[in-house]
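Chain and residue survey
Here's the letter readout for the chains.
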Amino acid sequence: MQERAPGASRWTRLAAVGLVLGSGFLLARTIMLMAGGSLRTYSWWAAALLGVESSVDAVVVVAGGAWLVARHSGHATLALRAAAAMILMHAVRVLVFVLGRTGPWVDFDVRPPYRADYATTWSWFEVWFAGTGAALSVILLAVVWRRHVRNAKRRGRARSAESGH
C-alpha cells in the first residue's frame, strides 16, 4: 500500500477539489458548446479540437477525483499531468476563439455558411473572460507544478537520506 505523501493535508485536498471543480466546469462548458451546435458551426479542425478538449476534461475529472479520495503522491502526479494537458489544450482552443474574433482572419475557425450570423453568438465580455481565464489557468498551472516538483524532490532526498544513500 502506498503511503500518503508528507504534507497530504489541507493543501492536497484544496488542490484536488480545485482540480475537480475546474475540470468539471470546463467539461460542462465543452458539452454545452457541442450541444449548442458548435460541432456543426466550427470548421472540422476547430470541432475536433473541442472534442479532444472535452475528452481530456473528462480524464482530469476522474484523475482529480482519484487524487482527492486517495491523496497519494502517485495520484497527484497523474492528476497534475492530466490537468497540464487540459489547461494547455484549453488555452490553445481559447487562443483560436480570441484570434477568430479579433485577429486578421476573423471567423477563420467558423465554417463559411455560418460566418454571417456568428457574431451574434458571442460578446466581447466572453472573449475577454475566456482569454483572461485561460491565461490565469496557465499561470496557476506553472505555480502548482513548480510546487509539486519541489515537494517531490524533497521527498526523494528524504527517502535517500533514510536509506543511507
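Described below are features of the structure shown in this document. (Residues numbered from 1 in each chain as written. Predicted model: local features only at pLDDT ≥ 70, side-chain atom pairs only at ≥ 80, totals over all residues. Heavy atoms only, no water.)

**Some words on the overall build of the protein**
- When its secondary structure is counted, the protein shows six helices and zero strands.
- The secondary structure elements of the protein, listed N-terminal to C-terminal, are α-α-α-α-α-α.
- In summary, the protein has a C-alpha radius of gyration of 19 Å against a globular reference of 15 Å for 165 residues, an excess of more than 25%.
- Taking the principal axes of its C-alpha atoms as reference, the protein extends roughly 70 × 25 × 25 Å. (Helix = DSSP H or I, 4+ residues; strand = E, 2+ residues; numbered from the N terminus. Rg over C-alpha atoms; globule rule 2.2 N^0.38 Å.)

**Details of the layout of surface pockets**
- Its volume calculated, the largest pocket comes out at about 1100 Å³.
- The wall of the largest pocket is formed by 44 residues, among which Phe25, Leu26, Arg29, His90 and Arg93 lie closest to the centre.
- If you list the elements that add at least two residues to the lining of the largest pocket, you get helix 1 (10-35), helix 2 (38-41), helix 4 (73-102), helix 5 (115-118) and helix 6 (124-163).
- Counting residues per element, the lining of the largest pocket draws most heavily on helix 1, at 12 residues. (1 Å grid on protein atoms, 1.4 Å probe; cavity = no way out; pocket = protein on both sides within 12 Å on 5 of 7 lines; lining within 4 Å. Points joined across faces, edges and corners; volume = space filled by probe spheres on them.)

**A short note on the pattern of salt bridges**
- Within this structure, the stated rule accounts for three salt bridges.
- Of the charged contacts in the structure, one is a salt bridge between Arg93 and Glu53, with a shortest N-O distance of 2.2 Å. On the criterion of sequence distance, the pair formed by Arg93 in helix 4 and Glu53 in helix 3 (residues 44-70) is long-range, its members being 40 residues apart.
- You can call Arg93 buried: its relative accessible area is 10%.
- Residue Arg101 pairs with Asp109 through a salt bridge whose shortest N-O separation is 2.5 Å.
- Of the residues examined, Arg101 reaches a relative accessible area of 4% and is grouped as buried.
- Among the ionic contacts, a cluster of salt bridges with common partners joins Arg101, Asp107 and Asp109. (Salt bridge = Lys/Arg side-chain N within 4 Å of Asp/Glu carboxyl O. Buried < 20%, exposed > 50% of the residue type's maximum accessible area, 1.4 Å probe, protein only.)

**Focus: the side chain of Asp57**
- Within the fold, Asp57 resides in helix 3.
- Of the side chains bearing the opposite charge, Arg93 lies closest to the buried Asp57, which forms no salt bridge; the N-O distance is 6.9 Å. (Lys, Arg positive; Asp, Glu negative; His and termini not counted.)

**As for the packing of aromatic side chains**
- Throughout the structure, instances matching the rule amount to five aromatic pairs.
- Taken together, the aromatic side chains of Trp45, Trp105 and Phe108 make up a single cluster linked through ring pairs. (Phe/Tyr/Trp six-rings, centres within 6.5 Å; stacked < 30°, edge-to-face > 60°.)

Read these as spatial facts, not as claims about activity.
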